[in-house]
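Inside the fold
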Amino acid sequence: MLARVPWVKPLKIAKPKPKKITRDRRRHLVNTVADVLKTGEPTRFALEASCRSGLRAGFCLEGWNWQEADATAAEIVAAALHMIGAKRPTWQQGQPEWTQHGVVAEERTTCIRCKGELPEGHYKYCGNLCAQAAKQARMRERRKDELLAYQRARYAAGKLHPIQPPRPCETCGKEFRPRKKTARFCSGSCSNRRANHGWR
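About the cut-offs
- Residues numbered from 1 in each chain as written.
- Predicted model: local features only at pLDDT ≥ 70, side-chain atom pairs only at ≥ 80, totals over all residues.
- Heavy atoms only, no water.
- pLDDT = per-residue confidence, 0-100.
- Helix = DSSP H or I, 4+ residues; strand = E, 2+ residues; numbered from the N terminus.
- Core = buried A, V, L, I, M, F, W, Y, C linked by side-chain atoms within 4.5 Å.
- Buried < 20%, exposed > 50% of the residue type's maximum accessible area, 1.4 Å probe, protein only.
- Contact = heavy atoms within 4.5 Å.
- Polar contact = N/O pair within 3.5 Å; in protein donor to acceptor, adjacent residues only side chain to side chain.

Focus: the confidence of the model for the protein chain
Here the protein chain shows a mean pLDDT of 81. Residues at 70 or above account for 84%. When the elements of the protein chain are averaged for pLDDT, helix α5 (residues 188-196) gives the smallest value, 79, and helix α3 (residues 66-83) the largest, 94.

Quick look at the structure:
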């Protein structure tokens with residue numbers, strides 16, 4: 001005969017509260033992302049994905065779940081794009097091979113990479129070699145800017161301490177924005193100068 005298992009009341013697991021950022025931190029993140037997006041080439045949307053990815057990574061390292069981190073990062077990037085006045089082009093305007101007012105293909109007679117004559121049926125490159133070389137060159141140029149944008153956004157989002165108001169350095173008097181409430185010096189050199197002279 002099987003023994004009866006006593007009924008056990010299931011545990012109630014409280015759902016974690018959704019993460020939020022303060023108004024000052026949001027303003028700082030939007031300004032930082034706006035500065036990064038302004039440097040994007042050929043358009044201001046070139047570094048949009050890198051900034052969103054960097055912000056999301058910074059939030060996730062603070063313990064946010066992926067969905068909340070991604071939604072907050074997307075909202076910050078959208079606010080930064082609005083701040084700099086970036087307007088998304090239409091699909092037609094985004095096609096480099098077509099004119100702005102119709103669908104007339106741009107005619108070429110030479111390869112845009114090696115300047116050699118285009119064979120029949122080719123519209124941009126003379127062959128796969130030129131096409132692949134041009135693609136790799138574009139990727140190398142873009143990768144450096146995208147990595148820098150990602151790192152700046154991740155650093156800005158990953159600060160665990162709230163933004164502190166500016167205060168003067170106790171050594172040189174220069175105003176700086178500390179990362180911690182207890183910070184007294186604007187740099188390591190000012191801190192060392194203070195320590196070497198025996199000031200407290």
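A few points about the nonpolar core
By size, the foremost hydrophobic cluster in this structure holds 24 residues, and its most contacted members are L29, V33, L37, C51, L55, F59 and I76. It is α3 that contributes the most residues to this core, 7 residues altogether. Apart from the residues within four sequence positions on either side, F59 is in contact with I21, R25, L29, W64, A69, T72, A73, I76 and A157. Within the second largest apolar cluster, 5 residues are counted, among which are L118, Y125, C130 and A134.

What about the side chain of R25?
Of note, R25 is situated in helix α1 (residues 23-38). Within the local environment of R25, its side chain forms a polar contact with the backbone oxygen of A157, the two atoms lying 2.4 Å apart.

As for the side chain of D70
Looking at the element boundaries, D70 is found in helix α3. Within polar-contact distance, the side chain of D70 engages the side chain of R52 at 2.8 Å. For D70, the residues in contact, after removing those within four places along its chain, are R52 and R56.

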